[in-house]
Amino acid sequence: MIIIGEKINGSIPSMGKAIAERNEEWIKEIAKKQADAGATYIDVCASVEENIEVETLKWMIDLVQSVTDLPIAVDSPSPRVLKEAYKFCNKPGLINSVSMEGDKVDIIFPEIKDTKWEVIALLCDDTGIPKCAEDRLRVFDNIMAKAKEYGIAPSRIHIDPLIEMLCTSEDGINMITEVMRTIRSQYPDIHITSAVSNISFNLPVRKLLNMGFTVLAMNAGLDSAILDPTNRDMMGLIYATEALLGKDDYCMEYIGAYRAGLIGPVRWSGLMCAVKDKEGFFKEMKACGKLLYLSERKTIWLIYRQTELATVLRKPENRTFLQMYGYKEEDTGAKMLERLAERF
């Protein structure tokens, strides 16, 4: 699965604030976290007025490229902005996006035809977003005719069938999956993408719907997605689904992702060995930590929240176990940690 990291987008309130305040460290940190979590591309969207958008995108792209060499997905609704901003990237990436609306395709396709840049194409045109599968596929045919005209290979195109809110749909995602299956059958080498979280707007417990949709969409042909790669549950689900669909020989990608620490429970000992600023880490996690044991072959960390530790110490059912480590009734949480450290 091609993962397009979505978190550097000015339409997200916290990111919009960081962009407005020129908070460089925040933006670089978010970029690095997405890269470390397994993103394929880092999407960069300014969401500012068009007259300052090119300048803002250059600043943002430079920040991202200072901390990761992943390719950039340059994101803007304006084809003229995209035409200028993609030139700031150190390597070919992804144009996000074009459609059959206005002259978007005729501006972007000739610009990238002799490059290795890829492009997201939305299934909408001057009439808006089509309501039925037949009309979306009509827009798709028009896009592919333009791609052929300008010499853009299907393998460089990520078709976005445009996921809309589930709560306004009369047939769930049946229309969208029909479009995906039809496109996949016609063009096996094309990419099909989606902004996964669109499906759950205005609904509670959104992550459940996002995850359910992702599994069903992958079964229909989705092989590219705009999402949060730091969501370990979603990333684990994607690796698992690829294995279940027979797209991961002998589950090697799944196993590799687990061994790399990208999916599954967080292995705190390994994580703590990698964290340099442990005080800052614990502050961000709103937790405390104590190194209980350290040798060449083993590291044992106790990660806890002070209030939770105090609750554990007060529970009668835990006292027998804790007494094995020298716990006494008068011990504070800090004293108990000292006893644990001595024991190990």
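In this text, all values refer to a predicted model and were calculated from it rather than measured experimentally.

What counts, and where the lines are drawn
Residues numbered from 1 in each chain as written. Predicted model: local features only at pLDDT ≥ 70, side-chain atom pairs only at ≥ 80, totals over all residues. Heavy atoms only, no water. Axes fitted to C-alpha atoms, helices over the stretch in contact; angles between N-to-C directions. Helix = DSSP H or I, 4+ residues; strand = E, 2+ residues; numbered from the N terminus. Parallel < 35°, antiparallel > 145°, perpendicular 65-115°, else oblique. Contact = heavy atoms within 4.5 Å. Nonpolar A, V, L, I, M, F, W, Y, C, P; charged D, E, K, R; others polar. Phe/Tyr/Trp six-rings, centres within 6.5 Å; stacked < 30°, edge-to-face > 60°. Buried < 20%, exposed > 50% of the residue type's maximum accessible area, 1.4 Å probe, protein only. Lys NZ or Arg CZ within 6 Å of the ring centre and 35° of its normal. Pairing = 2+ DSSP bridges. Patch = residues over 30% accessible without salt bridge, like charges linked within 9 Å, V, L, I, M, F, W, Y side chains within 5 Å. Areas by Shrake-Rupley, 256 points an atom, 1.4 Å probe, with all protein chains shown as cover. Salt bridge = Lys/Arg side-chain N within 4 Å of Asp/Glu carboxyl O.

**Section: the packing of helix α7 (residues 174-186) against helix α8 (residues 206-220)**
Between α7 and α8, the shortest axis-to-axis distance is 8 Å and the interhelical angle comes to 30 degrees. Looking at the two axes, α7 sits roughly parallel to α8. Facing Thr-177, Met-180, Arg-181 and Arg-184 of α7, the residues of α8 in contact are Phe-213, Leu-216, Ala-217, Asn-219 and Ala-220. Taken together, the residues of the contact of α7 with α8 sort by class into 5 nonpolar, 2 polar and 2 charged.

**As for the packing of aromatic side chains**
Throughout the structure, instances matching the rule amount to 3 aromatic pairs. Judged by centre distance (6.4 Å) and plane angle (80 degrees), the ring pair of Phe-109 and Tyr-150 falls under edge-to-face. Of this pair, Phe-109 sits in helix α5 (residues 104-112) while Tyr-150 sits in helix α6 (residues 133-150); the two residues are 41 residues apart in sequence, bridging distant segments of the chain. Here Phe-109 matches Tyr-150 in class, with each residue buried. When the ring of Phe-140 is compared with that of Tyr-187, the centres are 5.5 Å apart and the planes differ by 85 degrees; the resulting orientation is edge-to-face. One end of the pair, Phe-140, is in helix α6; the other, Tyr-187, is in the loop between α7 and β7 (191-192), and 47 residues separate them in sequence. Judged by its relative accessible area of 0%, Phe-140 is buried. According to the relative accessible area criterion, Tyr-187 is partly exposed, its value standing at 27%. Its guanidinium or amino end placed over the ring of Trp-59, Arg-22 lies 4.3 Å from that ring's centre, counting from NZ or CZ. Here the guanidinium or amino end of Lys-58 rests over the ring plane of Phe-88, the centre of that ring lying 5.8 Å away.

**As for the pairing of strand β1 (residues 2-5)**
As a general feature of sheets, a regular strand has side chains that alternate between the two faces. Here β1 shows a buried face lined by Ile-2 and Ile-4 and a second buried face lined by Ile-3 and Gly-5. In terms of strand pairing, β1 meets strand β8 (residues 224-227) through 4 bridges, oriented parallel. Residue pairing in the sheet places Ile-3 in a bridge with Ala-225 of β8. Sheet topology places β1 next to strand β2 (residues 41-45); 2 bridges connect them, and they run parallel. Within β2, the position partnered with Ile-4 by the bridge is Tyr-41.

**Some thoughts on a nonpolar patch on the surface**
Taken together, the side chains of Tyr-250, Met-252, Tyr-254 and Ile-255 present a nonpolar region at the surface, about 460 Å² in accessible area. With respect to the helices, strands and loops of the structure, Tyr-250 is situated in the loop between α9 (232-244) and α10 (252-259).

**Observations regarding unusual backbone geometry**
Between Asn-96 and the following residue, Ser-97, the backbone shows a cis peptide bond with an omega angle of 20 degrees. Mapped onto the elements of the fold, Ser-97 is located in strand β4 (residues 94-100). Even without being a glycine, Arg-22 presents a positive backbone phi close to 55 degrees. By the secondary structure assignment, Arg-22 is in the loop between α1 (13-20) and α2 (24-37). Since its relative accessible area comes to 37%, Arg-22 is described here as partly exposed. Although it is not a glycine, Leu-162 adopts a positive phi angle of roughly 70 degrees. Secondary-structure assignment places Leu-162 in the loop between β6 (157-160) and α7. By relative accessible area, Leu-162 is classed as buried at 13%.

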